[in-house]
Amino acid sequence: MATDFSQGKVWKNIIFQAIPLTLAQLVQLLYNVVDRVYIGHLPGAENMALTGIGLTFPVITLIAAFTNLFGSGGTPLFSISRGKGEEEEAEKIMGNVFSLILRASLFLFLFCYLLRRPILFLFGASEGSYVYADEYLKIYLFGTAFSMVAAGMNGFINAQGYPKIGMLTTVIGAILNLLLDPLFIFVFHMGVSGAALATVLSQSVSAIWVFRFLTGRKAVLKIKKENLKLDGRLVKDIMALGTSGFIVQATNALVQIVCNITLQSYGGDLYVGIMTVLNSVRELLSLPVSGITNGCQPILGYNYGAGKMERVKEGIRFTALIGVGYTLLAWMFVMKFPHFLFSVFTDDIMMIETGNAALQMYFFGFCFMAFQFSGQCTFQSLGYAKRAIFFSLFRKVIIVVPLTLLLPVLGFGVDGVFLAEPVSNLIGGLACFLTMWFTVYKKLGK
């Protein structure tokens, strides 16, 4: 039986959703992070192989952006419809999201596969790093549909009150990836290709798990054939609300591209490899905040649909406080143990010593990122699509990209690329949260 989020303590409902979601996201992240760890320790190719993998990030992030466009757009609408008791509408939303994901995955595979060489050189590849980037990407792309179905449809399992089932989606695939990675990379001597193949096989298992649950007996609301036909009204609503999630990922891809090109110009392949490690550490340390805000979304959406505004406000407060508290601790950890964090991904002394200072600059003021997560989560959960879209663009496009291009020219060199992130966290995070607080939170229930 699906969970009624209008009952019980709000913070317990959020934690109940957030813990398995965080674990699921951690395991999901291991798909890529484990690849980087193994590849970063390949004998004789550590730096260049790691740099090559970093060059594929924008493509992988772009695939995630389209997954968010449909998944993060449909899930809040699904929760709101459930809160109103409109279960047929909720099922139709889920069916339309599934159909959109399948169509987009085919387009993305064909586009990225056929144009991968010019795309990778556009994103900052050198002749040396392209070999490794292409070796990984040309196999990884065959799993596009699997990765999009597993990530994009898993939210509908969580939104029905089955976060443990949702967690298993990624746990099963990630355990398989952990086992296959060393087997393919080192035992079968497949190197970078082995890492990509392990990821594709693992994602396919996760996708099958999601599909079987959402069409099986345990799901309260199911994917049905009659709901796969696209409804123009629903597609418009899904994409309007999902545009925020799309822009978050698409602008992440844009930032990665600009960073790689700038670092290649001012520092070369070594610094592109360093940024690969920084992105990996940031993804890992951001997980608990992402888990809390994602766990909060179905609770906020359900109670908003049910008209229980005090419970919505309580959820917003709890999410913001716990997010800021955690990111303060994470910031302190990075400042204290930069060498340890870097050494997880490489044994190269030059990369570790050069990267330590970059890591500390990049994570300065990390706690302000939690304000962005909290404000963005509230806008998206309650259907304020335009505000969610604006603040997604504001932090990345209006702040990070110009600073990444400008600071190196002003004399900061490669350090300017790493300083752009903390400045954007401070300005963008506070602007997003304060706008949400005064224009949404204060008006709830009035």
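The structure under discussion appears in the preceding block.
As the structure is a prediction and not an experimental result, all values here were calculated from the model.

J.: I tried to follow the side chain of T75 on my own but got confused; where do I start?
T.: Note on placement: T75 falls in helix α2 (residues 46-83). Using a relative accessible area of 15% as the deciding quantity, one classes T75 as buried. From its side chain, T75 meets the backbone oxygen of G71 in a polar contact 2.7 Å long.

J.: Just to check I follow, could you spell out the nonpolar core for this structure?
T.: In this structure, Y136, M153, L214, I274, L278 and F418 are the most contacted members of the largest nonpolar core, which totals 125 residues. Here the element with the most residues in this core is helix α10 (residues 269-305); it accounts for 15 residues. Look past the residues within four positions of L278 in its chain and what remains in contact with it is F342, A358, L359, Y362, F363 and F418.

J.: What's the story with the packing of aromatic side chains in this structure? I'm lost.
T.: Describing an aromatic ring pair means giving the distance of the ring centres and the angle of the ring planes. Inspection of the entire model under this criterion finds 24 aromatic pairs. Taking 5.4 Å as the distance between ring centres and 70 degrees as the angle between the ring planes, the aromatic pair formed by Y113 and F142 counts as edge-to-face. Of this pair, Y113 sits in helix α3 (residues 87-114) while F142 sits in the loop between α5 (127-140) and α6 (144-158), and the two are 29 residues apart along the sequence. Taking relative accessible area as the criterion, Y113 reaches 24% and is therefore assigned partly exposed. Taken together, the ring pairs connect F368, F371, F433, W437 and Y441 into an aromatic cluster. Sitting above the plane of the Y113 ring, R116 keeps its charged end 4.5 Å from the centroid.

About the thresholds
- Residues numbered from 1 in each chain as written.
- Predicted model: local features only at pLDDT ≥ 70, side-chain atom pairs only at ≥ 80, totals over all residues.
- Heavy atoms only, no water.
- Helix = DSSP H or I, 4+ residues; strand = E, 2+ residues; numbered from the N terminus.
- Buried < 20%, exposed > 50% of the residue type's maximum accessible area, 1.4 Å probe, protein only.
- Polar contact = N/O pair within 3.5 Å; in protein donor to acceptor, adjacent residues only side chain to side chain.
- Core = buried A, V, L, I, M, F, W, Y, C linked by side-chain atoms within 4.5 Å.
- Contact = heavy atoms within 4.5 Å.
- Phe/Tyr/Trp six-rings, centres within 6.5 Å; stacked < 30°, edge-to-face > 60°.
- Lys NZ or Arg CZ within 6 Å of the ring centre and 35° of its normal.

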